[in-house]
Amino acid sequence: MRAQSSAADPRGGKHMSRNRARHRRGLSTAAGTIAVLLLTACSANTPALSTPTVQQSPRSAPADFTVYDTTFYANLNLEQAGAVKADIIYGSAVASLAGQPSPGGTHGGPKAELALPPRQAYEQLVRQHLSTPGPLVLDYETLYLTGPPDEAQRHFQKLSTLLQWTHQAAPGKQIGFWGLLNNTQPAYYPLARSLAEHEDAFFPDLYTFSPDRNKWQARLDRDLAEAKQINPNVPVYPFLWPQYPEHTPNAGQYLSADLWSYELAACAKTVKGVAIWGGSTRGNRDQTWVDTLKQFTAR
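**Student:** Please set out the layout of surface pockets residue by residue, giving values where relevant.
**Tutor:** Looking at the largest pocket, its volume works out to about 570 Å³. Taken together, 22 residues form the lining of the largest pocket, with H107, E141, W178, E246 and W277 sitting closest to its centre. Residues belonging to the lining of the largest pocket are distributed by class as follows: 11 nonpolar, seven polar and four charged.

Written out as structure tokens, the structure is:
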């Protein structure tokens, strides 16, 4: 069959023009559809650009994070900031029982190696420090596990005896040594492990010596690594001080709110709590660190 001529229909020319126009529009629409489909496919197969995640320090303490208050600032009660009262037996109190001079004052200790006091007098001293709900911290800084082997062994024997007496006078109380964790030579870790079997917590000194938070963080990391080597099952409660210690360039000054907040947050990420120390008969002269603590401990 032969195709019909366009002349057979007087409307043939216009009809063909309209068909060609519709055909061109159809091709254009199809091309657009194909382009959209190709673009969609490419987008689906191209990994999305990821937005970097900035790790934020926690603005408040976890529910199981505990802040212990061992401060002695006049007219300051950190219980209002969510802290739990704890107590410390200082070397000076033990030295006085043994008849040793203690030029360090109430919150210090003897310069000479601490002597063992009479047992009954020591246990009575312990019972006088049981009124707070928090731990009892033993601050015997002249008995650290350092020095020659015979000296370290002698310190170990005294610490073992005092720890045993403390437990017997305060059954059920959480007890540990201040500063012993970060004042033990690696060679004496076996001695520290033996003591740790009878310690309920480690209380390392983590005071701030400079505004350099990286140096402070490095000390925290070292303390935790040492605790893991000695006994990973004993909880660590670093001691913090809202002021710079004596013999530092900023001695007596209060930490900035930013640095204080950083230290609290860094501890909250790695340990179950902290203990706060410091004080003065003149009272606290900076409310900022207290307000920061209140905000941090708010539940």
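Continuing now.
**Student:** Would you mind going over the packing of aromatic side chains in detail, with residue names and values included?
**Tutor:** Throughout the structure, instances matching the rule amount to 15 aromatic pairs. With a centroid separation of 5.3 Å and an interplanar angle of 70°, the aromatic rings of F72 and W277 are classed as edge-to-face. Note that F72 is positioned in the loop between β1 (66–69) and β2 (84–85) and W277 in the loop between β7 (273–276) and α8 (288–297), a separation of 205 residues in sequence. Residues Y73 and W289 carry aromatic rings whose centres are separated by 5.9 Å and whose planes lie at 45° to one another, so their mutual orientation is tilted. Residue Y73 is located in the loop between β1 and β2, and its partner W289 is located in helix α8; the two are separated by 216 residues in the primary sequence. Connected via pairs of aromatic rings, a cluster forms that spans Y68, F72, W178, F203, Y207, Y237, F239, W241 and W277. The positively charged end of R213 is found above the aromatic ring belonging to Y262, 4.4 Å away from the centroid.

**Student:** Could you give an account of helix α3 (residues 119–127), with specific residues and numbers?
**Tutor:** Taken as a whole, α3 has its buried residues at Y122, E123, L125 and V126. For α3, the angular spread of the buried residues around the axis is 155°, confining them to a single face. In the core, the buried residues of α3 are packed alongside β3 (87–90), α2 (91–97), β4 (136–139) and α4 (149–169).

**Student:** Go over the pairing of β4 with me, naming the residues and quoting the values.
**Tutor:** The alternating pattern of β4 places L136 and L138 and V137 and D139 on opposite faces, both of which are buried. In this structure, β3 lies alongside β4, joined through four bridges in parallel fashion. In the sheet register, I89 faces β4, and the bridge partner there is L138. Sheet analysis places β4 next to strand β5 (residues 175–177), joined by three bridges and oriented parallel. Looking at the pairing, L138 lines up with F177 of β5. Considered for its hand, the β-α-β crossover made up of β4, α4 and β5 is right-handed.

How each quantity is defined
- Residues numbered from 1 in each chain as written.
- Predicted model: local features only at pLDDT ≥ 70, side-chain atom pairs only at ≥ 80, totals over all residues.
- Heavy atoms only, no water.
- 1 Å grid on protein atoms, 1.4 Å probe; cavity = no way out; pocket = protein on both sides within 12 Å on 5 of 7 lines; lining within 4 Å.
- Points joined across faces, edges and corners; volume = space filled by probe spheres on them.
- Nonpolar A, V, L, I, M, F, W, Y, C, P; charged D, E, K, R; others polar.
- Phe/Tyr/Trp six-rings, centres within 6.5 Å; stacked < 30°, edge-to-face > 60°.
- Helix = DSSP H or I, 4+ residues; strand = E, 2+ residues; numbered from the N terminus.
- Lys NZ or Arg CZ within 6 Å of the ring centre and 35° of its normal.
- Buried < 20%, exposed > 50% of the residue type's maximum accessible area, 1.4 Å probe, protein only.
- Arc of directions from axis to C-beta.
- Contact = heavy atoms within 4.5 Å.
- Pairing = 2+ DSSP bridges.
- Right-handed = clockwise from strand over helix to strand, strands pointing away.

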